[in-house]
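# Structure at a glance
Chain residues, written in single-letter form:
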Amino acid sequence: MNEKYEPKAIETKWQERWEAQKLFKTDNEGAGEAFYLLEMFPYPSGKLHMGHVRNYSIGDVAARFLRMNGKNVLHPMGWDAFGLPAENAAIKNGVRPDLWTHANIDEMRAQLKTLGFSYDWDREIAMCDPEVYRWTQWIFVQFFKAGLAYKKKNPVNWCPDCETVLANEQVVDGRCERCGTEVGKRDLDQWYLAITKYAQRLLDDIDAKLGGWPDNVKLMQKNWIGRSTGAEVDFPVEGFGEKLRIFTTRPDTLYGVTYMVLAPEHPFVGPLTDGTEYAPQVAVFKDKLQYLNDIDRASTTLEKEGLFIGRYAVNPLNGARVPIYIANYVLMDYGTGAIMAVPAHDERDFEFARKYDLPVVPVVDPGNPELDLNNLTAAFVAEGTMVNSGPFDGLNNKDAIREITAYVEKQGFGQATVNFRLRDWLISRQRYWGTPIPMIHCETCGWVPEKEENLPVLLPEDVQFTGKGQSPLTTSKSFRETVCPVCGGPAEREVDTMDTFLDSSWYFLRYTDARNDERIFSDAAVRKWMPVDQYIGGVEHAILHLLYARFFTKFLYDIGYAPTDEPFTNLLTQGMVIKDGKKMSKSIGNVVSPEEIIAKYGADTARLFILFASPPEKELDWSDAGVEGSHRFLARVWRLCKAALDDAGGASPAPTPADCRGGILPPADDDAARALRFALHATIKKVTGDIGERYQFNTAISAIMELVNAAYKYKEADGNAALLREVCETLILLLAPFTPHLCEEMWEAYGHEESVLLAAWPAYDPAALEVDTQEIALQVNGKVRGKAVVPAGLDAQALAAHAQELPEVRALLEGKDVVKIVGVPGRLVNIVVKG
RNA sequence: GCCGGCGUGGCGGAAUUGGCAGACGCGCCGGACUCAAAAUCCGGUGAUGGCGACAUCGUAUCGGUUCGACCCCGAUCGCCGGUACCA
């Protein structure tokens, strides 16, 4: 071993050796219990950032730990390679998107290797590879065949900057998720996936099957799916042939309806007003709304505005005649686009009623004498007793929901319904750099899928990147013109490509059998590995990616391809990397580049610091001084292990770990040695639990630091060289998942020929943790008043009894009246006294 | 607004779930080594009072439950995240 810890040479040496030995290659037939460990794959932007380093360091520690524990670990990496930046580069600089992307992939792969991550590169996939997107297209065809992919003309979210449509999920605060531009609306004919058909299952399985997911992610998905139960009720309209259907979650308030509201875009608005004196005002009102963008339209702070349209509806329950309005606060794309308004019990309706002087009829009585029901100052939305509701008076309103719904159904006025907030997934994109939608339009046969044996439908290369609102594929005549797979007549290909979220919705399945060119993956392979045992990634994917991936997996399960209908058993969402209280970003200028840190301190230091600074799921506050500290620690470990090795007579003959632990080396059995052994085995126990069960790497590292401190103390006191060597040998194993290069180098110096990754994870020896006595705290009325040494293993009662005899306790109790004594084994004795 | 989460030294964070608050690291202070510095090693470091063994206070604030509360309950304040006329 060198005198000094020099990471540069060590890291390159071991990275080359690992690669040459294919150390990280995983065999589908390999021995050991299968464990699928996955980190979210990156978009190949070209440069790794600290978020990546954190995500992949967490995964790599887990992977190496599991391997050392005898698991057969699948730990793959790939590229979410389709997407806008490549296309923008093409528009701006005329670079081919595929070349641009592959250059970035090469650069990022090299960076990942300099960090020493243990990926099986033989399974690497890039979603832009035709051999991969072939299967993305195949899945789309299966969706189509199952009736779950359809084309529909609809007002869609349109990003004027990206010049493409966006899914609801990709509109964040009324802005494009990708570029931040305000999103508008356009009427377009687009492909959808019917995710709403899976809404109930996606919701139910959150509680039924996602026990290993964080609660906040589960809640976010639940809210996003947004199930609400209620009833649809038909209101006859005076002088109009059709009934007006509304959706309500509060059928108990049906007797309190004082007006109706339609969304301005509601199809009835025209027929109800055309040719009437109200028509011009209605036109003006609708016009005004058009000028509002989505952000203002959706804002709750926008003042409610409405317009009476001159017609009346009739409440089917009590025959009340109520006016019909159109208003800006009712949306066409939820429920039926029409509501019954109950101002007494809905805040929005109340606000509107006050403004337009509409009657407020209370039907739920809170039973609060201080509240004047006939002069409400705000809507009453809580529980209460039914009033003004004919036969339902006197019921609790919760019960009335059930009773009135049943009555409505019996009378044929409507029925109980469930509504979801979740919309079908719009997947068409007017872009080049994505998976072509493998559909063909034929004048006679309509939309038909490309034959599966003809997949992939390749991206054409003879396209022009104009950057204008149409898919660049439109400009390729050779692509567009084709023949109908059904009738053989002339036909046209779909020119839009797929949302890139489709790629990430199934990539994890492909890793199980990444080189299969006949099937999306073999049954045996997917059964061997799926579901992913541990998935690790950013919480920003809590809704979009994780919901889509669940949807795809359920679908593939239903058609017999996936062995489970949930993809990810356990999920760890890692926190952001921040600096000076803000997210690292170029615009703020607080970015620390991983390359810099690796160049200065080495990959091991970077990995160690990023894991030590914070528990994985929390935010990580970057600190340059902290990095320095981590580096110092590694140098300290190096010196300790070198000294221990030299003092114990060098590497030769190389003892096996078992020799070291079992004791062919001279025994040391004094108090100091026993204390160090205790520390060693307590550390093994703690680190094993922290990595294997809790995923709390920061406390695992601090425990290792404590062991190092204890070893130094022992060494300073001229401790036994053989024991010190034994401790260091185990220390190397404990640290190996975190700082693999350093540990390989030391492991080799300690006389081992095989990689430390192939060594067995140390097991703690319970015998070393046995003690005769232990120190406990002495409390009086819950306040610590002293310490005492007591025999180990006393139960609560025996401990309390023993305590009474202790001189320390007697001293504390002088002149006091003991009420009782509480003993907590191994911890403390609390003496409760009077006065 | 609604739904979550969080609030602990100068800083990052421990306290494995009701049992010795502040582990570990950073920073700072002191000592050893050195001609000197760096590096390294050792020690100290929540606040207040005391030379001192020690005492009092202390986990956002106020109150409660308990022998015992950072942890459980109630109220308040602040920050973060999700979502938002979803009927």
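Since the model is a prediction, treat every value here as computed from it, not as a measurement.

## Digging into the pairing of strand β32 (residues 783-791)
Note: strand β31 (residues 773-780) against β32, 8 bridges, orientation antiparallel. Bridge assignment links Leu778 to a residue of β32, and that residue is Gly786.

## Let's talk about the protein's contact with RNA strand B
Looking at RNA strand B, there are 59 residues lining it, with Thr249, Lys304, Tyr334, Arg348 and Asn830 nearest. Here, RNA strand B places atoms within 4 Å of the protein, and 66% of those atoms are sugar or phosphate. Lys686 places a polar side-chain atom, nitrogen or oxygen, 3.2 Å from a base oxygen of RNA strand B. In this structure, a phosphate oxygen belonging to RNA strand B sits 3.3 Å away from a side-chain N or O atom of Asn709. Residue contributions to the surface near RNA strand B peak at 8 residues, all from helix α22 (residues 697-716). Split into classes, the residues belonging to the surface near RNA strand B amount to 24 nonpolar, 14 polar and 21 charged.

## Structural notes on the confidence of the model for chain A
Averaged over all residues, the pLDDT of chain A equals 91, while 96% of them reach at least 70. This model gives residues 659-664 a pLDDT under 50, and the stretch forms 12 contacts once residues within four places in sequence are excluded. For this predicted complex, the interface confidence comes out at an ipTM of 0.96, alongside a pTM of 0.93.

## What about the environment of Asp252?
Position of Asp252 among the secondary structure elements: in the loop between β11 (243-248) and β12 (259-262). Placed 232 residues apart in sequence, Asp252 and Ala20 show a C-alpha to C-alpha distance of 72 Å. Sequence-distant contacts of Asp252, defined by excluding residues within four places in its chain, comprise Val363, Val364, Met386, Asn397, Ala400, Ile401 and Ile404. A polar atom in the side chain of Asp252 sits 3.0 Å from the side chain of Asn397.

## A closer look at a negative patch on the surface
Taken together, the side chains of Glu595, Glu596, Asp624 and Glu628 make up a negatively charged region of the molecular surface. Every element with two or more residues in the negative patch is listed here: α17 (594-601) and α19 (624-647). The residue Asp624 is located in helix α19 in this model. When its relative accessible area of 43% is taken as the criterion, Asp624 is described as partly exposed.

## Comments concerning the packing of aromatic side chains
For the structure on display, the rule yields 47 aromatic pairs. Plain terms: the ring middles of Tyr278 and Phe308 are 5.6 Å apart, the flat faces sit at 80 degrees to each other, and that makes the pair edge-to-face. Taken together, the residues Tyr278 in the loop between α8 (269-273) and α9 (279-291) and Phe308 in strand β13 (residues 306-314) connect sequence positions 30 residues apart. Judged by centre distance (5.5 Å) and plane angle (65 degrees), the rings of Phe308 and Tyr312 are edge-to-face. A network of ring pairs unites the aromatic residues Phe143, Tyr198, Trp425, Phe501, Tyr548, Phe551, Phe552 and Phe555 as a single cluster. Lying over the aromatic face of Trp14, Arg17 brings its terminal NZ or CZ to 4.5 Å of the ring centre. Above the plane of the ring of Trp158 lies Arg186, whose end atom (NZ or CZ) is 4.1 Å from the centre.

## Remarks on the nonpolar core
In terms of nonpolar packing, the biggest core is built from 178 residues, with Leu193, Trp425, Tyr507, Phe508, Trp622 and Phe738 touching the most fellow members. If we ignore the near neighbours within four places in the chain, the residues touching Leu193 are Phe140, Phe143, Leu148, Ala149, Asp424, Trp425, Ile427, Leu502, Phe551 and Phe552. In terms of nonpolar packing, the next biggest core, distinct from the first, is built from 36 residues, Ile246, Leu254, Val282 and Val363 among them.

## A short note on the side chain of Arg607
Along the chain, Arg607 turns up in helix α18 (residues 603-612). Judged by relative accessible area, which is 0%, Arg607 ranks as buried. For Arg607, the side chain forms a polar contact with the main-chain oxygen of Gly116, separated by 3.4 Å. Excluding residues that lie within four positions of it along the chain, Arg607 makes contacts with Ser57, Asp60, Arg64, Leu115, Gly116, Phe117, Pro737, Phe738 and Pro740.

## Regarding unusual backbone geometry
The phi torsion of most residues other than glycine is negative, and most of the peptide bonds are trans. Leu455 connects to Pro456 through a cis peptide bond whose omega is 5 degrees. Examined against the element boundaries, Pro456 turns out to sit in the loop between β22 (446-449) and α13 (477-480). At the junction of Met530 and Pro531, the peptide bond is cis and its omega measures out at 0 degrees in the coordinates. Relative to the helices and strands, Pro531 resides in the loop between α15 (523-529) and β26 (532-538). Phi is positive for Lys22, close to 50 degrees, though the residue is something other than glycine. Of note, Lys22 is situated in the loop between α1 (7-21) and β1 (34-39). One non-glycine residue, Asp718, lies in the positive phi region at around 55 degrees. Turning to its location among the elements, Asp718 is positioned in the loop between α22 and α23 (721-735). The class of Asp718 is exposed, set by a relative accessible area of 71%.

Rules behind the numbers
In every chain, residue numbers begin from 1 and rise along the written sequence. By the order in which they are written, chains take letters starting at A while ligands take numbers starting at 1. Per-residue local features of the predicted model are confined to residues with pLDDT of at least 70, and side-chain atom pairs are confined, for both listing and counting, to 80 or more; whole-chain, interface and lining totals are unaffected and use all residues. Water and hydrogen atoms play no part in the side-chain values, which are based on all heavy atoms of the structure. Here, any two strands with at least 2 DSSP bridges between them count as paired. Starting at the N terminus, helices and strands are each numbered in turn, a helix being any DSSP run of H or I of at least four residues and a strand any DSSP run of E of at least two. Note on definitions. A residue lies near a molecule or strand when any single heavy atom of the residue is within 4 Å of it. By the criterion applied in these results, polar contacts are pairs of N or O atoms within 3.5 Å in which, for protein atoms, one can donate a hydrogen and the other can accept it, and in which residues neighboring in sequence qualify only through two side-chain atoms. In the scheme used here, Gly and all other residues not listed as nonpolar or charged are polar, with Ala, Val, Leu, Ile, Met, Phe, Trp, Tyr, Cys and Pro taken as nonpolar and Asp, Glu, Lys and Arg as charged. One number per residue, pLDDT, summarises how confident the predictor is, and it ranges from 0 to 100. Between two residues, a contact is recorded if the distance between any of their heavy atoms is within 4.5 Å. Patch membership requires over 30% relative accessible area and the absence of a salt bridge. Like charges are linked within 9 Å, and nonpolar side chains (Val, Leu, Ile, Met, Phe, Trp, Tyr) within 5 Å. In this description, accessible areas are obtained by the Shrake-Rupley approach with a 1.4 Å probe, and a residue is regarded as covered only by the protein chains that are shown. Salt bridges are defined by distance alone: a side-chain nitrogen of Lys or Arg within 4 Å of a carboxyl oxygen of Asp or Glu. Positive charge is attributed to Lys and Arg, negative charge to Asp and Glu, and no charge count is given to His or to the chain ends. Charge coordinates come from a single atom per side chain, which is NZ of Lys, CZ of Arg, CG of Asp or CD of Glu. Exposure is judged per residue with a 1.4 Å probe applied to protein chains only, and the accessible area is read against the type maximum: over 50% gives exposed, under 20% gives buried, and values in between give partly exposed. Side-chain rings of Phe, Tyr and Trp, where Trp is taken by its six-membered ring, are said to pair if the distance between their centres is within 6.5 Å; with planes under 30 degrees apart they count as stacked, over 60 as edge-to-face, and otherwise as tilted. Here, over-ring charges are defined by two tests on the NZ atom of lysine or the CZ atom of arginine: distance to the ring centre within 6 Å, and angle to the ring normal within 35 degrees. Within this scheme, the nonpolar core is defined by two criteria: the residues are buried Ala, Val, Leu, Ile, Met, Phe, Trp, Tyr or Cys, and they are joined through side-chain atoms within 4.5 Å.

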